[in-house]
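Survey of secondary and tertiary structure
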Amino acid sequence: MKKLETAFYQQSDVLRIARDLLGKLLVTQWEGQCTIGRIVETEAYRGVTDKASHAYGGRRTARTEIMYAAGGVAYVYLCYGMHHLFNVVTGKKDEPHAVLLRGIEPVKGLPIMHSRTGKRPGDISLGAGPGNLARAMGIQTMHTGQSLLGDSMYIAEDGFILRKSLLQATPRIGVDYAGEDAALPYRFIIRDNLWVSKRNTFLLSKK
DNA sequence: CGACCGATCGTCT
DNA sequence: GACGATCGGTCGA
């Protein structure tokens, strides 16, 4: 298992990073609890020109400031007052690109994930969807700004190769407010993977 | 299967 | 004071 390094996160093409994160392992280990999940669903938020992004138009607020940091840190924010959404900040300093992690296939620490979420063994919603993913991995807004290059929270590769035929791009979820940008194919999933968020599966059958 | 609804609160206007 | 990069449940066809 090899931890992804700065050079990976600071590539300029956030779409490529979002794609390449599929199949990688997300690791968190804190409070004596280690959990690992394989990333099966991501969404790219592409800098200041992307109407769906919190950084659209170069907007800077206390909350989104971390998006302008150099790639390799976490951007976690509270959505709908109850869900913690975890993004990987990418690009160079002052290029506010980010990748939202939307789905993981649980790999290690299943009992811990079950106790964190209250879900029962066999429930495939455990790591499906950004809110569920963060809850299962123990990620909260207090982790925003945290480095992904340290030991408590990082992404690694283990030799898993994603066949091209299993890579699929679709429009992003829940960004209707973004006008024409809502239709951009910036969501990436591992096709037919059990752990991809089930909502909007109709998008797949339509294709 | 699809449409809709309530929960719940930090952030920005 | 309004509004989410969501989720889980319900209701009707």
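Only a predicted model underlies this, so the values are computations on that prediction, with no experimental measurement involved. (Residues numbered from 1 in each chain as written. Chains lettered and ligands numbered in written order. Predicted model: local features only at pLDDT ≥ 70, side-chain atom pairs only at ≥ 80, totals over all residues. Heavy atoms only, no water.)

Near DNA strand B you find Arg-59, Thr-61, Arg-63, Leu-78, Tyr-80, Gly-81 and Met-82, and these make up its full shell. Sugar and phosphate atoms form 68% of the subset of DNA strand B atoms that lie within 4 Å of the protein. In this structure, a base oxygen belonging to DNA strand B sits 2.4 Å away from a main-chain N or O atom of Tyr-80. In the model, a sugar or linking oxygen of DNA strand B is placed 3.5 Å from a nitrogen or oxygen of the Gly-81 main chain. Taken together, the residues of the surface near DNA strand B break down into three nonpolar, two polar and two charged. (Near = heavy atom within 4 Å. Polar contact = N/O pair within 3.5 Å; in protein donor to acceptor, adjacent residues only side chain to side chain. Nonpolar A, V, L, I, M, F, W, Y, C, P; charged D, E, K, R; others polar.)

Moving on, we come to the side chain of Arg-116. Relative to the helices and strands, Arg-116 resides in helix α3 (residues 110-117). Lacking a salt bridge, the buried Arg-116 has Glu-31 as its closest oppositely charged neighbour, with an N-O distance of 5.8 Å. For Arg-116, the side chain forms a polar contact with the main-chain oxygen of Ala-136, separated by 2.9 Å. (Helix = DSSP H or I, 4+ residues; strand = E, 2+ residues; numbered from the N terminus. Buried < 20%, exposed > 50% of the residue type's maximum accessible area, 1.4 Å probe, protein only. Lys, Arg positive; Asp, Glu negative; His and termini not counted. Salt bridge = Lys/Arg side-chain N within 4 Å of Asp/Glu carboxyl O.)

Neighbouring DNA strand C are 21 residues, the closest being Tyr-80, His-83, Asn-87, Lys-119 and Tyr-177. When the atoms of DNA strand C within 4 Å of the protein are grouped by moiety, sugar and phosphate amount to 46% of the total. Contact between DNA strand C and Gly-129: a phosphate oxygen at 3.5 Å from a main-chain N or O atom of the residue. Within the residue set of the surface near DNA strand C, elements represented by two or more residues are β5 (83-90), β6 (97-108) and α4 (130-137). Of the residues belonging to the surface near DNA strand C, the class tally is ten nonpolar, eight polar and three charged.

Bringing the packing of aromatic side chains into the picture now. Evaluated as defined, the whole model comprises two aromatic pairs. Measuring from ring centre to ring centre gives 5.5 Å for Phe-8 and Tyr-9, while their planes differ by 85°; the resulting arrangement is edge-to-face. Its guanidinium or amino end placed over the ring of Tyr-68, Arg-60 lies 4.0 Å from that ring's centre, counting from NZ or CZ. (Phe/Tyr/Trp six-rings, centres within 6.5 Å; stacked < 30°, edge-to-face > 60°. Lys NZ or Arg CZ within 6 Å of the ring centre and 35° of its normal.)

For α4, the buried fraction is high: six of the eight residues fall into the buried class. For α4, the full list of buried residues reads Pro-130, Gly-131, Leu-133, Ala-134, Ala-136 and Met-137. Buried residues along α4 sit in contact with β2 (25-30), β3 (33-45), β5, β6 and α3. Within two residues after α4, Gly-138 carries a phi angle of roughly 75°, on the positive side. (Contact = heavy atoms within 4.5 Å.)

This part takes up the environment of Lys-24. Note on placement: Lys-24 falls in the loop between α2 (14-20) and β2. A relative accessible area of 13% means that Lys-24 is categorised as buried. Spatially, the C-alpha atom of Lys-24 lies 10.0 Å from that of Lys-2, the residues being 22 residues apart in sequence. Leaving out residues up to four positions away in the same chain, Lys-24 has contacts with Leu-4, Gly-37, Arg-38, Ile-39, Ile-155, Ala-156 and Glu-157.

The predicted coordinates of low-pLDDT regions are not to be read in fine detail. Residues of chain A with pLDDT of at least 70 account for 96%, and the chain-wide mean is 95. Scored below 50 in pLDDT, residues 201-207 makes six contacts in the model with residues more than four places away or belonging to other chains. (pLDDT = per-residue confidence, 0-100.)

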